[in-house]
Amino acid sequence: MDGVLVDFNSAILCRRGYTNEHLDPNIIQEYKGRLEQVPGIFSLMSPMPDAIESYLKLIQHFDTYILSTFPWENHSAANDKLEWVQKYLGESAYQRLILTHHKNLSIGDYLIDDRTDCGIDRFIGEHIHFGSKKFPNWRSVLKYLLN
């Protein structure tokens, strides 16, 4: 989710176009270097550009699930991620959310992720490395998968 569907930095940085609440600067300082552990941070994040529209297109062509990890130290993270999916992607998506630190245990043809850890290097199928030179954004991913 983070870095693919969800813009992690949108909860931290107050930028034009974001309407969500943002973290208090004192909290940012307190959790410096470990912002993923801030309680409630995952509920403050905005979607990545074109993420929602792209997801809705992909579910028309693929049996789509959302795999995500979460920090063990942040006790609200799992629930925040579930609520984010329900809010932005709807009922059908949140029933397809899988929270795991071992993405290689899931079976599929494609895995769109911005990272290479958490079992991605052992995933049986193709890793579409989101944010890479080949797949810098959602438009490039859709072009590859739907053509």
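Residues numbered from 1 in each chain as written. Predicted model: local features only at pLDDT ≥ 70, side-chain atom pairs only at ≥ 80, totals over all residues. Heavy atoms only, no water.

**Here's the deal with the nonpolar core**
Formed by 35 residues in total, the largest nonpolar core has its most connected members in Leu 5, Ile 41, Ile 66, Trp 84 and Leu 89. Elements with a contribution of two residues or more to this core: α2 (51-58), α3 (77-89) and α5 (138-146). If near-sequence neighbours (up to four positions away) are discounted, Ile 66 is found in contact with Met 1, Leu 5, Tyr 55, Val 85, Leu 89, Ala 93, Arg 96, Leu 97 and Ile 98. (Core = buried A, V, L, I, M, F, W, Y, C linked by side-chain atoms within 4.5 Å. Buried < 20%, exposed > 50% of the residue type's maximum accessible area, 1.4 Å probe, protein only. Helix = DSSP H or I, 4+ residues; strand = E, 2+ residues; numbered from the N terminus. Contact = heavy atoms within 4.5 Å.)

**What to know about the packing of aromatic side chains**
As enumerated under the stated definition, the model contains 6 aromatic pairs in all. Ring geometry for Phe 8 against Phe 42: centres 6.0 Å apart, planes inclined by 65 degrees, an arrangement best described as edge-to-face. Remark: Phe 42 occurs in the loop between α1 (25-30) and β2 (46-47) and Phe 8 occurs in the loop between β1 (6-7) and α1; sequence separation between them is 34 residues. Ring centres of Phe 130 and Trp 138 lie 5.3 Å apart, and the angle between their planes is 50 degrees; on these two criteria the pair is classed as tilted. Summarising the burial analysis for this pair, Phe 130 and Trp 138 share the class buried. (Phe/Tyr/Trp six-rings, centres within 6.5 Å; stacked < 30°, edge-to-face > 60°.)

**Remarks on α3**
Counted at 1.5 Å a residue, the expected span for α3 with its 13 residues is 18 Å, and the 17 Å between its end C-alpha atoms agrees. Those residues of α3 lying buried are Ala 77, Asp 80, Lys 81, Trp 84, Val 85 and Leu 89. Looking down the long axis of α3, one finds its buried residues gathered within 135 degrees of arc, a one-sided arrangement. Where α3 is buried, its residues meet β1, β2, α2, β3 (66-68), α4 (91-94) and β4 (97-99). Of the residues flanking the end of α3, it is Gly 90, one or two places downstream, whose phi is positive at about 90 degrees. (Expected span 1.5 Å × (residues − 1). Arc of directions from axis to C-beta.)

**Some words on the confidence of the model for the chain**
Overall, the predicted model of the chain reaches an average pLDDT of 90, with 94% of residues at or above 70. Here α4 stands out as the least confident element of the chain, with mean pLDDT 82; α5 is the most confident, with 98. Across residues 15-20, where pLDDT falls below 50, the model places 12 contacts with residues more than four positions away in sequence or in other chains. (pLDDT = per-residue confidence, 0-100.)

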